[in-house]
Each structure stands twice: as structure tokens, then as C-alpha cells.
Amino acid sequence: MSSDEITKRKKDHIEICSTDKANFRNKTAGFEYYDFKHYAITELNLEQIDIAQRFFNKTISAPLIISCMTGGVNESKNINHELAKVAQHLKIPIGSGSQRALIEDRAKLKSFSIIREAAPDVPILANIGAAQVAQGIKLEDYKFIIDSLEADALVVHVNPLQELIQHRGEPNFKGLLNNLESLIRKITIPVIVKEVGSGINGEAAEKLLEIGVKGVDVAGAGGTSWSAVEYLRNEKNADELFWDWGLPTSFCIKDVNKLKENYNFILIGSGGIKNGFDAAKSIALGADLVASAGTFFRLLKNAGAEKLIEVIEEWISTIKKVMYLTNSRDLKELRENKLIKVSDYY
Ligand SMILES: Cc1cc2nc3c(=O)[nH]c(=O)nc-3n(C[C@H](O)[C@H](O)[C@H](O)COP(=O)(O)O)c2cc1C
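Below, the structure is looked at part by part. (Residues numbered from 1 in each chain as written. Predicted model: local features only at pLDDT ≥ 70, side-chain atom pairs only at ≥ 80, totals over all residues.)

**Quick notes on the pairing of strand S7 (residues 153–157)**
Here's step 1: With five of five residues buried, S7 is to be regarded as a mostly interior element.
Here's step 2: Judged by which residues are buried, S7 turns out to be covered on both faces: Ala153, Val155 and His157 on one side and Leu154 and Val156 on the other are all buried.
Here's step 3: Pairing analysis gives five bridges linking strand S6 (residues 124–129) to S7, with the strands arranged parallel. For Asn127, the partnering residue across the bridge sits in S7 and is Val155.
Here's step 4: As judged from the four bridges shared by S7 and strand S8 (residues 191–194), these two strands associate in the parallel manner. Note that in S8 the partner of Val156 across the bridge is Val193. (Buried ≥ 20, exposed ≤ 12 C-beta atoms within 10 Å, placed from the backbone. Helix = DSSP H or I, 4+ residues; strand = E, 2+ residues; numbered from the N terminus. Pairing = 2+ DSSP bridges.)

Here it is, written out as C-alpha cells:
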């Protein structure tokens, strides 16, 4: 794939994701099927609720992540700069977009390294596609993309559906687990595997944990549909049938959370997180942290960085209010039986 083609693809993604026209149409993340257990005799003081925590050797102010988005084109340099300033201001982690373009053209360094320049104190996640891992990447290239961000962890995104629908996509993941396992042995930072909107269930997550993956970001269905994004780029040849394909985020979090009994890993809930309630419900279902891409992206593009900061602060405040109303002293208690399935009321 030529560098020009990757550039065009990235520009299209930015343009399409600036509105919600590529969101799931007939499927939600499933949070509406849960309600919080209101606890009438809470003994908490809202002001004393603290949700700061450690994430890969750094302290973050809240369990929220600005998810992996962009890099490699001029537009994405500005976007990354703005997102990184937001992350630094709020002291929350941020993910880079796929760094494949950087491996193919090192002149694209600045559109990625700007993230670390603008966010010196927060955890930053490097990012590469599973299709590239499966095909094989040189160790020095992995090191280069990690060093370009002084990254705290490497995210490998699995996107079999996107590769399937994408014009000139690469639906070939043969050798992925083997290559991933040997990568994990060779690099010094932890590896997180994330989907991009079709979800990772417990069965798939276990395969990853068995080979030493330290974090699973379920990135389930309910928000941005990457099948839809690629369909909209190439309507003539792509298959619309798969627009709503994927496992809802709430299901994925619950399913992967069961593995915590046997494995030590970080569970990230993402995919269609639209407000602080969705974030709090993700945590109550078992997520250690919650990430958002499309919602944050559109706020940044359409209302600016100040507004994005304001909204993320609101989400943080909502999580704390939910903890107060469910008598959860800390995030661990929020994960302990604080939800009711709506159908159980009646
Ligand atoms: C503009 C944009 C670009 C994205 N690019 C990447 C990427 O390069 N690598 C990646 O792992 N995920 C990428 N994603 C996917 C998101 O990280 C996320 O997994 C997906 O959009 C589902 O989350 P959402 O419903 O909150 O958008 C991108 C998302 C957006 C909105």
C-alpha cells in the first residue's frame, strides 16, 4: 500500500467520523438494559470520593482514556496536539492512532511525537494493527514507534471486519497469535489488544491472556461502526450487510470480566461510550478503565478542546455522583453488585 493511499484513507476517516453518520444503526452498546441500584442510606461524602488511580506506573486522575485515533497526516497532527493537551490538562491517558504510516515513512514522526510533547506526564499508548503484526514487523520498527511516543504500553488493534470491508483491506491475520507472543517477549512495555467496534468476548480474550497480553480493550459495538466507515468510503463495492456486525460493549465487558478470576490484566471498556453514565456502568460491569473515541473526536472537531475538557470533567463528576448514590467508597466497590438488569424490576 502506497503512502498516498494511507494518507487518503486517514483523511476520509477523519471526515466521516466528524459526524455520527457511521454509527451503529440497529444495535446499541446495551447500557440501557442496566440501572444502578439506588442505595437510600449512603454514608458517603461526595466531596471525598477520589477516583485517581495508577495506570502503568503513572497516576491518572480518573479511569478514562482518550482512545486511539489518528496520526500520519497534517490534519491528524493538529488533532493529536489538541487531544494531547486535553489529556495532559485532565491527567488521563491517551492512545495514538495507528503508527503504520510512521513505519512506512519516518518523515511522519511529528504527527505522532507531538502527543508526547504536549502530554509529558500522562500514560501514552502506541498503536499498530494486528494485520501488520501478523504479516511481520521488524523489531527495530516496533522500537521506533514506541520510542517516538515514549509510550507506556503498545496497543495492537484487531480489526478483522474493517479489513474485510475496506477497499484494498488485508483480511489476513494468519500467524497473529504466534507473532504477538514473540513480540510480547521482545519488548519491555506491556501489550494491550483492542478491537475497533466489533468487540472482544471472553473466549477471544483468554487466547490473548494465555500468551501474555496485559490489557484487553473490548471496543464493542454501539458507537462507531468501522464497517460503516469503510462502506461509506466505497459504497459501490463494499457490503452494507455488515454495518451492524459486532458484540455489544456491555456484553463484552461482562464476558471478559469473568477471566479476572484466573488472569491478572487490565480490562478497558469502550465502544459507544456516550456519557458519564455509560462510563460508570462499564466500570460497574467490571471495566478497570473506560475509553471513548467517536464521542470525544466529534466534540473536539465540532466544539473545540475547551468543550471537550468540560465534557470529560462532567463525566468524571457523574461517575462520582453514581458512586455516592450506590454507596461505593471506591472504584472497586462500584464493581461489586451495583447494577440491576432493568427487566428484573417488573
Ligand atoms: C477518527 C477515528 C480514527 C480511529 N483510528 C484508529 C486507529 O488508528 N487505531 C485504532 O486502534 N483505533 C482507531 N479508531 C477506533 C477507536 O479507537 C475505537 O475503538 C472505535 O471507534 C470504537 O469506539 P467509539 O464507539 O467510542 O468510537 C479510530 C476512531 C476514530 C473515531
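Let's pick the thread back up.
**Description of the nonpolar core**
Within soluble globular proteins, side chains that are nonpolar generally end up buried alongside one another.
Here's step 1: Within the largest apolar cluster, 101 residues are counted, with the highest numbers of intra-cluster contacts made by Leu64, Ala87, Ile92, Ile94, Val156 and Val216.
Here's step 2: If we skip the residues at most four places from it in the chain, Val216 touches Val193, Ile200, Ala205, Leu208, Val256, Phe265, Leu267 and Ile268. (Core = buried A, V, L, I, M, F, W, Y, C linked by C-beta atoms within 7 Å. Contact = placed C-beta atoms within 7 Å.)

**What about helix H14 (residues 305–325)?**
Here's step 1: In a regular helix each residue adds 1.5 Å, so 21 residues correspond to 30 Å; H14 covers 30 Å between its end C-alpha atoms and thus fits that length.
Here's step 2: Those residues of H14 that fall on the buried side of the exposure criterion are Leu308, Ile312, Trp315, Ile319, Lys320, Val322 and Met323. When H14 is viewed along its axis, its buried side chains cluster within an angular range of 160° and face the same direction. Residues of H14 that are exposed and point more than 90 degrees away from the buried face comprise Glu306, Glu310 and Glu314.
Here's step 3: Buried residues along H14 sit in contact with strand S1 (34–36), strand S4 (64–66), helix H2 (74–90), helix H12 (276–285), helix H13 (294–303) and helix H15 (331–334). (Expected span 1.5 Å × (residues − 1). Arc of directions from axis to C-beta.)

**Re the site of the ligand**
Here's step 1: Residues in contact with the ligand amount to 26 residues; listed here are only the nearest, Gly97, His157, Gly223, Thr224 and Gly294.
Here's step 2: Broken down by secondary-structure element, the contributors of at least two residues to the shell around the ligand are helix H1 (3–17) and H13.
Here's step 3: Grouping the amino acids of the shell around the ligand by side-chain chemistry returns nine nonpolar, 16 polar and one charged. (Near = placed C-beta within 6 Å. Nonpolar A, V, L, I, M, F, W, Y, C, P; charged D, E, K, R; others polar.)

**A closer look at the environment of Ala52**
Here's step 1: In this structure, Ala52 sits in the loop between S1 and strand S2 (53–55).
Here's step 2: Among the residues examined, Ala52 registers 12 C-beta atoms within 10 Å and is labelled exposed.
Here's step 3: A sequence separation of 154 residues divides Ala52 from Glu206, and the C-alpha atoms of the two residues are 28 Å apart.
Here's step 4: Ignoring any residue separated from it by four or fewer positions in sequence, one finds Ala52 in contact with Thr59, Ile60 and Ser61.

**Considerations on unusual backbone geometry**
Here's step 1: With a phi close to 55°, Arg168 is a non-glycine residue in the positive phi region.
Here's step 2: The exposed category is assigned to Arg168, around which 9 C-beta atoms lie within 10 Å.
Here's step 3: At Asn327, a position not held by glycine, the phi torsion is positive, near 55°.
Here's step 4: Mapping Asn327 onto the fold places it in the loop between H14 and H15.
Here's step 5: The class of Asn327 is partly exposed, set by 17 C-beta atoms lying within 10 Å.

**Thoughts on the packing of H2 against H14**
Here's step 1: Contact geometry of H2 with H14 gives a least axis separation of 10 Å together with a crossing angle of 40°. In terms of their interaxial angle, H2 and H14 are classed as oblique. You can see that H2 and H14 cross each other, and the crossing is right-handed. Residue-level contacts link Glu82, Lys85, Val86, His89 and Leu90 of H2 to Ala305, Leu308, Ile309 and Ile312 of H14.
Here's step 2: Class assignment of the residues belonging to the contact of H2 with H14 gives a composition of six nonpolar, one polar and two charged. (Axes fitted to C-alpha atoms, helices over the stretch in contact; angles between N-to-C directions. Parallel < 35°, antiparallel > 145°, perpendicular 65-115°, else oblique. Left-handed = near helix turned anticlockwise from the far one by under 90°.)

**With respect to the environment of Val218**
Here's step 1: Its location among the elements puts Val218 in the loop between strand S9 (215–217) and helix H10 (226–233).
Here's step 2: On a C-alpha basis, the gap between Val218 and Leu46 in space is 30 Å, while along the polypeptide they are 172 residues apart.
Here's step 3: Setting aside its immediate chain neighbours within four residues, Val218 contacts Glu195, Gly199, Ile200, Thr249, Cys252, Ile253, Val256, Ile268, Gly269, Ser270 and Gly271.

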